[in-house]
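# A look at the structure
Spelled out, the chains give:
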Amino acid sequence: MSEPSPAHPHMSDLILAANAGSSSLKISLFKRSDSASGPPDDVVQLLLTSAITNISAPPARFSFALAGHEAKSSKESVQSIDDHASAFAHFLDYLQRQASIDRSQIVHVCHRVVHGGDYFEPVVITEESYHHIEKLSDLAPLHNGGALSVIKACIEALPGANSIAYFDTSFHRSMPEHISMYAIRQDVAKRRGLKKYGFHGLSYASILGAVSTHLNKDPSDTNLIAMHLGSGASICAIARGKSLDTSMGLTPVSGLPGATRSGAIDPSLIFHYTNRAGRISHDRALAVDVHVTEAEEILNKRSGWAALTGTTDFGQVVRWMKEVQEKAKRGEEVTEDDKKWGRAFDLFLDRILEFLGGYYLKLEGKVDALVFAGGIGEGSVELREAVIRKAACLGFELDGDMNATVDGDNGVVVDIGKSKDGRQVVVCRTDEQLEMAKDFTGPNVTVDLGAS
Ligand SMILES: Nc1ncnc2c1ncn2[C@@H]1O[C@H](COP(=O)(O)OP(=O)(O)O)[C@@H](O)[C@H]1O
Ligand SMILES: CC(=O)OP(=O)(O)O
Ligand SMILES: [Mg+2]
């Protein structure tokens, strides 16, 4: 099969950006801004955002908000959403009915595709490139499957739009070979593409852009340890604007644990967990032609917080942990079951520290900022506090007040601490959709936002 054709985005009307995460589908609609000649972030103007969360732990929650119209945001549980394709269909329907936006004005659709293998540039989806991505999906069946089902739904619902795939793996192409390779036979590794690819690359590109601007530094002169902590969680060491190392590997299951993901385990563990590891799982039929083994199903879908505590929501893990701490303070009995919340929190903290410490050494201490991002990184005051308390030995100090009031600050990058020698601790509201959409340049369009 020949290589997919590179995307050359031309003039367009509306640009839709779809981000299929493991538990969510986040969608933003943009139009070209009036100041297309300004800074890259200004070439597109946000019109609306929508998010479908809890896809892996139904009922799914649907939210929709017009940019700058606080009153017109809505949030509801939707029983009919049980996968990414039905989530996307619900969004399109809502767009037409409730926001009166004509779908035919959407000319480009940017899709976040988690695994791009050795393809780094964005590619226009054609029959050929679709099948190419499908083939790559063997290395991220649970992630690429969701994105492919959205791409498929998009081609059917928006036949006039160009679908373009942007890869999470692209940002990590800079990892040195001795870091990205595994200590296995290299003839087999090369033939089968068995190496560390790394993920959340669109997020790390977004973080690098926003944080270097915040620090008043050129991205190519910026060193960060960036933590994208969401349903899928990873850490990246960024040296002079390039990925030096990251915690996810061949697939997104490695590194840190997540909502339903184990994170790094001893590779032998799975063969002791089940004697059906290599069999194709029949747990869930994906809407696309991607195969998932029982081992992948267990480690990707039946592990993480869900396995340790019964919930995929880290916010709930924190709330119950604090509840139990209060119980103990009151002198009430704390049961073994009560302790599961604190243990899940401590386990996550422990694994984060492993990478944080390692990356601090790999960057030889030259770290301009520690960055928290993703649903947990942006939302959990407690997790940030626990991490920075441990990073005190590296000279970082948290500002408790600033940390506690991040939610009330609208900035893209929010300071929450620093070190005596001027290194920063920040929260960054990463935006993978914007990172894709700002790739486009061209003339403006006018859109009637006649929301009902
Ligand atoms: N305030 C909060 N405190 C702790 N965790 C939170 C908070 N808000 C969201 N989260 C966690 O963030 C996760 C979603 O992360 P996100 O990065 O948005 O998802 P995805 O990985 O699907 O892209 C949720 O599962 C939830 O556990
Ligand atoms: C790569 C990955 O884990 O993505 P997400 O966190 O969006 O599931
Ligand atoms: Mg995500």
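This is a predicted model, so every value here is computed, not measured.

Along the backbone of the protein chain there are 15 helices and 15 strands. Taken across its 452 residues, the protein chain has 47% of its residues classed as buried. Across the protein chain, contacts joining residues at least 24 apart in sequence account for 66% of those joining residues at least 6 apart.

For the rest of this paragraph, the subject is the pairing of strand β15 (residues 424–428). Buried residues dominate β15, accounting for five of its five residues. Side chains of β15 alternate between two faces, with Gln-424, Val-426 and Cys-428 and Val-425 and Val-427 buried alike. Taken together, the five bridges between strand β14 (residues 413–419) and β15 define a ladder with antiparallel strand orientation. Within the sheet, the bridge partner assigned to Lys-418 lies in β15 and is Gln-424. The antiparallel hairpin formed by β14 and β15 contains four residues in its connecting segment, where Gly-422 sits at a positive phi of about 90°.

Before going further, it helps to spend a moment on helix α3 (residues 141–157). The first and last C-alpha atoms of α3 sit 24 Å apart over 17 residues, in line with the 24 Å expected at 1.5 Å per residue. With 13 of its 17 residues buried, α3 lies for the most part within the structure.

Okay, the domain arrangement of the protein chain next. What the domain assignment lists for the protein chain is domain 1 (14–196 + 433–437) and domain 2 (219–431). Averaged C-alpha coordinates put domain 1 and domain 2 at centres separated by 22 Å. Counting residues at the interface gives 31 residues for domain 1, matched by 26 residues for domain 2. Taken together, the elements giving at least two residues each to the side of domain 1 that touches domain 2 come down to α3 and α15 (432–437). Considered class by class, the residues forming the side of domain 1 that touches domain 2 number 13 nonpolar, twelve polar and six charged.

Moving on to the environment of Val-114. Relative to the elements of secondary structure, Val-114 occurs in the loop between β6 (106–113) and β7 (123–124). Residues Val-114 and Gly-304, spaced 190 residues apart in sequence, show a C-alpha to C-alpha distance of 19 Å. For Val-114, the residues in contact, after removing those within four places along its chain, are Ala-140, His-143, Asn-144, Ala-147, Asp-168, Phe-199 and Pro-252.

A few words now on the site of ligand 2. Lining the immediate environment of ligand 2, one finds Gly-21, Ser-22, Val-114, His-143, Asp-168, Phe-199, His-200, Gly-230, Ser-231, Gly-232 and Pro-252. Class assignment for the residues of the shell around ligand 2 results in three nonpolar, seven polar and one charged. Both of domain 1 (14–196 + 433–437) and domain 2 (219–431) provide at least three residues apiece to the shell around ligand 2.

On to the site of ligand 1, then. In the vicinity of ligand 1, 18 residues are found, and the nearest of them are Gly-21, Gly-230, Ser-231, Gly-375 and Gly-379. For the shell around ligand 1, the element with the highest residue contribution is helix α12 (residues 374–379), accounting for four residues. Residue classes in the shell around ligand 1 are distributed as four nonpolar, 13 polar and one charged. Summarising the domain contributions, the shell around ligand 1 has at least three residues from each of domain 1 (14–196 + 433–437) and domain 2 (219–431).

Across the interface, helix α1 (residues 84–97) lies against α3 with an axial gap of 8 Å and an inter-helix angle of 40°. Considered as vectors, α1 and α3 are oriented oblique to each other. Classified by chirality, the crossing of α3 by α1 is right-handed. Together, His-84, Ala-85, Phe-88, Ala-89 and Leu-92 of α1 and Gly-146, Ser-149, Val-150, Ala-153, Cys-154 and Ala-157 of α3 make up the contact between the two elements.

All right, on to unusual backbone geometry then. With a phi close to 60°, Asn-216 is a non-glycine residue in the positive phi region. Considering the arrangement of structural elements, one finds Asn-216 in the loop between α6 (201–214) and β9 (224–229). Residue classification places Asn-216 among the exposed positions, given that 6 C-beta atoms sit within 10 Å. Phi at Arg-240 is positive, roughly 45°, even though this residue is not glycine. Residue Arg-240 is classed as partly exposed on the basis of its C-beta count, with 14 C-beta atoms lying within 10 Å.

The next thing to look at is the UniProt feature "binding site: ATP" (unreviewed entry) in the protein chain. The positions that UniProt labels "binding site: ATP" (unreviewed entry) are, in the present scheme, Lys-26, His-228, Leu-229, Gly-230, Ser-231 and Gly-232. Tracing the backbone shows Gly-230 in the loop between β9 and β10 (233–239). Discounting residues that sit within four places of it in the chain, Gly-230 has contacts with Gly-21, Gly-374, Gly-375 and Ile-376. Within the secondary structure, Ser-231 sits in the loop between β9 and β10. Judged by C-beta crowding, with 26 C-beta atoms within 10 Å, Ser-231 ranks as buried.

How each quantity is defined
- Residues numbered from 1 in each chain as written.
- Chains lettered and ligands numbered in written order.
- Predicted model: local features only at pLDDT ≥ 70, side-chain atom pairs only at ≥ 80, totals over all residues.
- Helix = DSSP H or I, 4+ residues; strand = E, 2+ residues; numbered from the N terminus.
- Buried ≥ 20, exposed ≤ 12 C-beta atoms within 10 Å, placed from the backbone.
- Contact = placed C-beta atoms within 7 Å.
- Pairing = 2+ DSSP bridges.
- Expected span 1.5 Å × (residues − 1).
- Domains from an automatic or database assignment.
- Nonpolar A, V, L, I, M, F, W, Y, C, P; charged D, E, K, R; others polar.
- Near = placed C-beta within 6 Å.
- Axes fitted to C-alpha atoms, helices over the stretch in contact; angles between N-to-C directions.
- Parallel < 35°, antiparallel > 145°, perpendicular 65-115°, else oblique.
- Left-handed = near helix turned anticlockwise from the far one by under 90°.
- UniProt positions renumbered as here; feature names shortened; annotations may be inferred.

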